[in-house]
Amino acid sequence: MSAPVKTLLALAVVALAQTAVLAAMVIDRVMLLHTGREIVLPIVPVDPRDLFRGEYVRLGYGINTVPMTPADLHRDETVYVVLERKTADEDWHVAGAARSLPGDLNPDHIVLKGRFLWGGMVHYGIESYFVPQGEGARLEGLARDRKLAALVAVDKAGNAVIKGLIVDGKVQYEEPPL
Amino acid sequence: MSYRTKIERDLARWQSAGWLSDSGAAAIRADLAARRPAFGAAAGLAMLGAVLFGFAVVSFVAANWDGMSKLARILLLVGALWACYGGAAFLFARRLGAFAHAAVVAGIAVYGASIWLIAQAYHMEGNPPDAMLLWALGALLAAAVVRSPAALAAAFVLLTVWTSWERSESERAHMVFLAPWAAAVATAAWLRWRPGRHLAALSLAVWLVPLGFLVLDRHAHWLVVATGVAVALATSMAAPAIERWIGAAQAIFAYAVAVAFSGLFIMQVVEDINLFSTAHRLSTGQFGALAALTLALLTGAMFRALATGNRGALWVGYIAFTIEIFTIYARMLGTLLNTSLFFMIAALIVTVMAWAAYRLHRHETPVAEPAA
């Protein structure tokens, strides 16, 4: 193989590999949005923090506080949190936490995969939401007034993603997966 | 004055002194004429035009980004990625190597930006430093497969940012850094890219120095100092072997001295600072011992550098010595008499070293380790 063809091939390999990484990111999320079970989680206000990733809001949930995490969990370790609700009118609340994925749950329960932060605080990857320019302040105000809830899709492994935001019972900011 | 004008004057001087024949001068002029600079006015304007075009595209995208669907954004990013690598292919085919490698680096930049923008589009949270690792590995792949030193430089920078970020979040030692770092070093060796060794040493040094804050009792800076000293000793004693297997024994020596001094500096200054009062954490005796040790090590290193003609290490020594002197001065600000005595001693040491340097340079000092 001549040198110019080798270079061409090499560049193609790199472009393909990098595209594959990006595609994997997208496909992973789209699958989650399409096939995940939908649950609604009310949002509690959190002090916003500046970050360079554009205008986004920090979201907090009641289920971020998990009092019964296993002992000697390190920061950033995975913990599976079981939520339950008895009736459809109830909010989901924390029922238990474990180091590994619990199996065989009835529809009253759902498992979310979380990242342990510090004593009792667990994050599920749904604590930030990027908003269109100028919408941030309004949403944070709604969160402070406790009028905001998140529509979350959860798959069987416990991965969660925000599908949309619910204001006063109506779904807003629901984005199509693509 | 341009190189051409200077060389014309030199040629005339050498010819009149009889060192250069007419045919020799003609040959030199012909050679210079053949080696025209790679970048003429046309190339410069083209580059400017390309940069302006790039800004136009970026502004357009930024203005319309919010209105685009996720699919449109993804296609745009992937399109830009392929355009960069396609451009690189085109430039390689036209034998415009420098521009081609620039296009590869642009591709790596688009790849990184795409990771962040897709993460933002899908509200991805998780561990941001992981995105840096993905980016760095992409750069490393480009460096190895396309044989691009520019991409490798980017990979080293990204790996260093990754480990620094990860450490600031998790406050753990992050030893896993060494794995992709080793892969990058192997790539540098495989590409036979000599500046790669400096990047490798630099990134390792940046990783090593804070290690004292992150392992054992979190004040284990003696580890960093010991590592630096050990590497410096090893390169001193086994210089020919190192030169054969790794090369750049002198540069490694210089970096090792810098790392050792950084560890000692942290012990004397950073760990000495008390956040809640102006009192020092280290007693005068402890500080004095550390300072004496530092000066002794630096003096030894500089003598060694003088003996082997290691300019880089000598400069590291000069700078470190100066910083150490200032550190001691700042600490001893209270006791003026001791301070002046100390500076007298320091001046004596430096004078001795200057004399040693003069004596050593009187005999032609070889750049590499003497064979005997």
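Read on for a plain summary of the structure.

To continue, consider the overall build of chain B. For chain B, the helix and strand inventory stands at 15 helices and 0 strands. Over its C-alpha trace chain B gives a radius of gyration of 27 Å, far above what one expects of a compact globule, namely 21 Å for 372 residues. Oriented by its inertia axes, the alpha-carbon framework of chain B measures out at about 75 × 70 × 40 Å. Residues classed as buried in chain B amount to 39% of the 372 residues present. Within chain B, contacts between residues separated by at least 24 positions form 61% of all contacts whose residues are at least 6 apart in sequence. Chain B carries 25 positive and 17 negative side-chain charges, and their two centres are separated by 10 Å.

Attention now moves to the overall build of chain A. Across its full length, chain A carries 2 helices and 11 strands. Secondary structure elements in chain A, listed N-terminal to C-terminal, are α-β-β-β-β-β-β-β-β-α-β-β-β. Principal axes of the C-alpha set define a box for chain A whose edges measure 70 × 40 × 30 Å. By the burial criterion, 44% of the 178 residues in chain A qualify as buried. Side chains of chain A give 19 positive and 22 negative charges; the mean places of these two sets differ by 4 Å.

What follows concerns the packing of aromatic side chains. Residues and elements named next belong to chain B. What the rule picks out here adds up to 4 aromatic pairs over all chains. Taken together, a centroid distance of 6.1 Å and an interplanar angle of 40 degrees make the contact between F261 and F265 tilted. Of this pair, F261 and F265 are both found in helix α12 (residues 249–270), 4 residues apart, which corresponds to roughly one turn of the helix. In this structure F265 comes out as partly exposed when scored by relative accessible area, which is 26%. Aromatic side chains W315 and Y318 sit 5.4 Å apart centroid to centroid with 90 degrees between the ring planes, which places their arrangement in the edge-to-face category. Residue W315 and its partner Y318 are both found in helix α14 (residues 311–331); the two are separated by 3 residues, about one turn of the helix. According to the relative accessible area criterion, W315 is exposed, its value standing at 52%. It is R147 that lies over the ring of W190; its NZ or CZ is 4.4 Å from the centre.

Turning to the sheet that holds strand β7 (residues 121–123) of chain A, a few remarks are in order. All names here are of chain A. Read from one edge of the open sheet, 4 strands run β5-β4-β6-β7, paired in antiparallel fashion. Both outer strands of the open sheet, β5 (93–98) and β7, are each paired with one neighbouring strand and no more. Looking at each pair of strands side by side, their axes are set apart by 45 degrees on average, direction ignored. As paired elements, strand β6 (residues 109–118) and β7 share 3 bridges and run antiparallel to each other. Each bridged residue has a counterpart across the sheet, and for W118 the counterpart in β7 is M121.

Let us now look at the environment of B:A119. Structurally, B:A119 is set in helix α5 (residues 97–121). Note: C-alpha distance between B:A119 and B:V224 (105 residues apart in sequence) is 37 Å. The residues contacting B:A119, other than those within four sequence positions of it, are A:M25, A:F130 and B:M124.

All right, on to the pattern of salt bridges then. Residues and elements named next belong to chain A. A complete count under the given rule lists 5 salt bridges over all chains for this structure. E38 is the partner of K163 in a salt bridge, and the nearest nitrogen-oxygen pair spans 2.8 Å. Highlighted residues: K163 in strand β10 (residues 160–167) and E38 in strand β1 (residues 37–44), separated in sequence by 125 residues. K163 gets classed as buried once you look at its relative accessible area, which sits at 15%.

Moving on, we come to the packing of helix α10 (residues 221–237) of chain B against α12(B). Packed helix pairs are specified by the crossing angle of their axes together with the interaxial distance, meaning the distance between the axes. Residue and element names in this part refer to chain B. Two elements in contact, α10 and α12, have axes whose closest approach is 8 Å; the angle formed by their N-to-C orientations is 160 degrees. As judged from the angle between their axes, α10 and α12 are roughly antiparallel. Between α10 and α12 the crossing geometry is left-handed. Residues H221, W222, V224, V225, G228, V229, V231, A232, T235 and S236 of α10 form the contact with α12, whose own contacting residues are A249, I252, F253, A256, V257, V259, A260, G263, L264, I266 and M267.

For the rest of this paragraph, the subject is the interface of chain B and chain A. Across the contact, 39 residues belong to chain B and 39 residues belong to chain A. When chain B packs against chain A, the two sides together hide about 3,400 Å² of surface, and 67% of this comes from carbon and sulfur. Run the count over chain B and chain A and you get 0 salt bridges. The tally of links between chain B and chain A comes to 3 residue pairs in polar contact (both at pLDDT 80 or more). Elements supplying a minimum of two residues to the side of chain B that touches chain A: α4 (70–93), α5, α6 (128–146) and α7 (149–170) of chain B. Broken down by element, the residue count for the side of chain B that touches chain A peaks at 11 residues, all from α5(B). Taken together, the residues that form the side of chain B that touches chain A break down as 26 nonpolar, 8 polar and 5 charged.

So, on to the sheet that holds strand β11 (residues 170–172) of chain A. All names here are of chain A. Judged by pairing direction, the sheet is antiparallel, and its 5 strands sit side by side in the order β3-β1-β9-β10-β11 without closing on themselves. Taken across any chain shown, the strands that pair with only one partner, and hence form the sheet edges, are β3 (60–61) and β11. This element, helix α1 (residues 3–35), spans β1, β9 (148–154) and β10 of the sheet and lies at about 55 degrees to β10. Helix α2 (residues 136–144) contacts β1, β9, β10 and β11 of the sheet and is inclined by roughly 95 degrees relative to β9.

All names here are of chain B. Here A63 is to be found in helix α3 (residues 41–64). Judged by relative accessible area, which is 64%, A63 ranks as exposed. In the structure, A63 is positioned 45 residues away from I108 in sequence and 23 Å away in space, judged by C-alpha atoms.

Rules used in this analysis
- Residues numbered from 1 in each chain as written.
- Chains lettered and ligands numbered in written order.
- Predicted model: local features only at pLDDT ≥ 70, side-chain atom pairs only at ≥ 80, totals over all residues.
- Heavy atoms only, no water.
- Helix = DSSP H or I, 4+ residues; strand = E, 2+ residues; numbered from the N terminus.
- Rg over C-alpha atoms; globule rule 2.2 N^0.38 Å.
- Buried < 20%, exposed > 50% of the residue type's maximum accessible area, 1.4 Å probe, protein only.
- Contact = heavy atoms within 4.5 Å.
- Lys, Arg positive; Asp, Glu negative; His and termini not counted.
- Charge placed at Lys NZ, Arg CZ, Asp CG, Glu CD.
- Phe/Tyr/Trp six-rings, centres within 6.5 Å; stacked < 30°, edge-to-face > 60°.
- Lys NZ or Arg CZ within 6 Å of the ring centre and 35° of its normal.
- Pairing = 2+ DSSP bridges.
- Axes fitted to C-alpha atoms, helices over the stretch in contact; angles between N-to-C directions.
- Salt bridge = Lys/Arg side-chain N within 4 Å of Asp/Glu carboxyl O.
- Parallel < 35°, antiparallel > 145°, perpendicular 65-115°, else oblique.
- Left-handed = near helix turned anticlockwise from the far one by under 90°.
- Buried area = accessible area lost by both parts, 1.4 Å probe.
- Polar contact = N/O pair within 3.5 Å; in protein donor to acceptor, adjacent residues only side chain to side chain.
- Nonpolar A, V, L, I, M, F, W, Y, C, P; charged D, E, K, R; others polar.

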